[in-house]
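Architecture and fold: a report
Chain by chain, the residues:
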Amino acid sequence: MQDHVLVVGAGLAGATAARILAESNLRVIVVERRKHVGGNCYDYTDENGITVHLYGPHIFHTNSREVWNFVNRFCEFRYYQHRVLSFVEGRFVPFPINRDTICEVFGVNIGVEEVEDFLKDEVRRSNFNDPPKNFRDVVVSQVGERLYELFFKNYTIKQWNRDPEELSPDVAKRIPVRYGRDDRYFSDRYQGIPARGYTHLVERILDHPKISIVTNMDYFELRDHVKPKLTVYTGELDRFFDCVYGKLEYRSLRLVFKTYDMEYYQPVAVVNYPNDYDWTRITEFKHMTGERSSRTTVLFEYPSAEGEPFYVVLTRDNIERREKYMEEVKKLEKSGEYIFVGRLAEYLYYNMDQVIEASIRKVGEWLKNRTG
Ligand code: FAD
Ligand code: UDP
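Residues numbered from 1 in each chain as written. Chains lettered and ligands numbered in written order. Predicted model: local features only at pLDDT ≥ 70, side-chain atom pairs only at ≥ 80, totals over all residues. Heavy atoms only, no water.

In this structure, aspartate 163 sits in the loop between helix H6 (145–160) and helix H7 (169–172). Here aspartate 163 falls in the partly exposed class, since its relative accessible area comes to 38%. Between the C-alpha atoms of aspartate 163 and threonine 45, which are 118 residues apart in sequence, the distance is 38 Å. A polar contact is formed between the side chain of aspartate 163 and the backbone nitrogen of glutamate 165, at a distance of 2.8 Å. (Helix = DSSP H or I, 4+ residues; strand = E, 2+ residues; numbered from the N terminus. Buried < 20%, exposed > 50% of the residue type's maximum accessible area, 1.4 Å probe, protein only. Polar contact = N/O pair within 3.5 Å; in protein donor to acceptor, adjacent residues only side chain to side chain.)

Before going further, it helps to examine the packing of aromatic side chains. Taken as a whole and judged by the stated rule, the model has 40 aromatic pairs. Measuring from centroid to centroid gives 5.2 Å for tyrosine 185 and phenylalanine 186, while their planes differ by 85°, and the two rings are edge-to-face. You can call phenylalanine 186 buried: its relative accessible area is 17%. Counting every residue linked through ring pairs, the aromatic cluster contains Tyr219, Phe220, Tyr233, Phe240, Phe241, Tyr245, Tyr325, Tyr338 and Phe340. Across the ring face of tyrosine 55, the terminal group of arginine 34 is positioned such that the distance to the ring centre comes to 4.1 Å. One Lys or Arg, arginine 174, reaches over the ring of tyrosine 349 and ends 3.8 Å from the middle of that ring. (Phe/Tyr/Trp six-rings, centres within 6.5 Å; stacked < 30°, edge-to-face > 60°. Lys NZ or Arg CZ within 6 Å of the ring centre and 35° of its normal.)

The strand order across the open sheet built from five strands is E10-E2-E1-E11-E17, with neighbouring strands paired in parallel fashion. The open sheet terminates on both sides in strands that have one partner only, identified here as strand E10 (211–214) and strand E17 (338–340). Strand-to-strand, the axes of this sheet are offset by a mean angle of 15°, without reference to chain direction. Sheet topology note: the strand E11 (residues 230–233)/E17 ladder contains three bridges and is parallel. In the sheet register, tyrosine 233 faces E17, and the bridge partner there is phenylalanine 340. Packed onto the sheet, helix H1 (residues 12–23) meets strand E1 (4–8), strand E2 (27–31), E10 and E11 and runs at close to 165° relative to E2. (Pairing = 2+ DSSP bridges. Axes fitted to C-alpha atoms, helices over the stretch in contact; angles between N-to-C directions. Contact = heavy atoms within 4.5 Å.)

What follows deals with the pattern of salt bridges. Pairing between side chains of opposite charge can happen when their charged atoms approach one another. Throughout the structure, instances matching the rule amount to 27 salt bridges. Residue glutamate 308 pairs with arginine 34 through a salt bridge whose shortest N-O separation is 2.6 Å. Of this pair, glutamate 308 sits in the loop between strand E15 (296–304) and strand E16 (311–312) while arginine 34 sits in the loop between E2 and strand E3 (43–45), and the two are 274 residues apart along the sequence. Take glutamate 308: its relative accessible area is 34%, and that puts it in the partly exposed class. Given the relative accessible area of 13%, arginine 34 is considered buried. Close ionic contact of arginine 281 with glutamate 301 constitutes a salt bridge, the shortest N to O distance being 2.7 Å. (Salt bridge = Lys/Arg side-chain N within 4 Å of Asp/Glu carboxyl O.)

Before going further, it helps to spend a moment on the pairing of strand E8 (residues 91–95). Direction of pairing for strand E7 (residues 84–88) relative to E8: antiparallel, over a ladder of five bridges. If you follow valine 88 over to E8, its bridge partner there is arginine 91. In this structure, the hairpin formed by E7 and E8 is closed by a connection of two residues, where glutamate 89 is found at a positive phi of approximately 45°.

Taken together, 36 residues form the shell around ligand 1, and within it Glu32, Asn40, His58, Ile59 and Met352 come nearest. Backbone polar atom of asparagine 40 to an oxygen atom of ligand 1: 2.8 Å apart, as the coordinates give it. Within the backbone of tyrosine 350, one N or O atom sits 2.9 Å away from an oxygen atom of ligand 1. Protein chains bury 97% of the 990 Å² of accessible surface belonging to ligand 1 in isolation. Those elements that place two or more of their residues in the shell around ligand 1 are H1 and helix H12 (352–371). Looking at side-chain class alone, the shell around ligand 1 contains 17 nonpolar, eleven polar and eight charged residues. (Near = heavy atom within 4 Å. Areas by Shrake-Rupley, 256 points an atom, 1.4 Å probe, with all protein chains shown as cover. Nonpolar A, V, L, I, M, F, W, Y, C, P; charged D, E, K, R; others polar.)

Structural data, given as structure tokens:
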């Protein structure tokens, strides 16, 4: 084992690291506690022949040419631009907020050149901390209280079970506000869905003669018995350190799949439900994959405190606790024997491309230091 690298977790962070290390002529063993590779972007074909994402809808989007080139080495991407509608006051309106959302909600007919002034008026009538200190402040400072209450407040309480004023401004910065009519969820340069699915993509990344994979195996059952040259850890940050600084909070989802005997259930891939019902959103996968079938499978997401760790919860307590753990991480990484990378291991609200980017960078730095 001494001449091996051990990668903990076969999600995108682990797979990317494993691949780069293997291509640098190192022997890599990947251990994964689940029974499959792919991490949270794992997908499979259900009994109706529809590709579904077991842990929630995943759309690949990035502005990084390096990341885009990396993933395109392993699979083709299907052209797909993600569009989301929000169900408010009994109708579907475009989300993120753009000119058309405003016209529908307020019953006005304004040109795109008037949107900025319209929103400035809304903001002027609202109360918030300037500069913004939390999730609510960021949103209200952009669109005002009325739109905040309609689209953000209740969704956020449902998703996080927190007052939006307790959440970091960074959570709100994920959602743009558009003055024009662009109704895409993401405006990144590169977007798409792996043509043969995310599981296939991760399997291809891991498909290298120097990589071995062991599934159904928890790292903590073997860590006292092995001494690898390098450990790349992509699991929960606090668990690695036996929660010495206290537990970090993760948010989960109860995911309910339903199949309907109809060609399409809803007009777009994702509909958000900020104010009605207990679920946050419904995803209809066929819109993403382009699959044809007389039936359709949809997914209802119910936020939950229990279950698989899907989301980091960016409150002040958790961020401060993270800092303490990251001091320990720095020491371990300095020794050259560990790399911590990924959404769970860095406790960051990463998208898939950010995970790949971080993995490429961190492994690259490690390889550079090794060769001097
Ligand atoms: P993970 O995918 O969590 O992989 C970590 C792996 O390590 C897991 O398989 C886990 O089982 C394993 N592991 C952990 N601990 C151990 C251990 N002790 N021993 C062995 N194995 C272990 N990103 C986007 O870019 N676009 C999207 O549209 C998008 N939608 C999302 C929707 C949902 C509902 C969720 C939850 C996430 C979404 N993401 C999206 C984010 C995306 O899932 C993550 O950025 C990415 O998958 C994280 O990869 P990772 O390898 O860091 O972590
Ligand atoms: N959000 C909201 N209303 C929406 C969509 C998102 O208030 O209709 C807020 C909510 O707090 C959510 C955050 O913005 O958790 C980030 O949304 P995103 O769609 O990026 O969430 P993810 O896809 O990561 O679940």
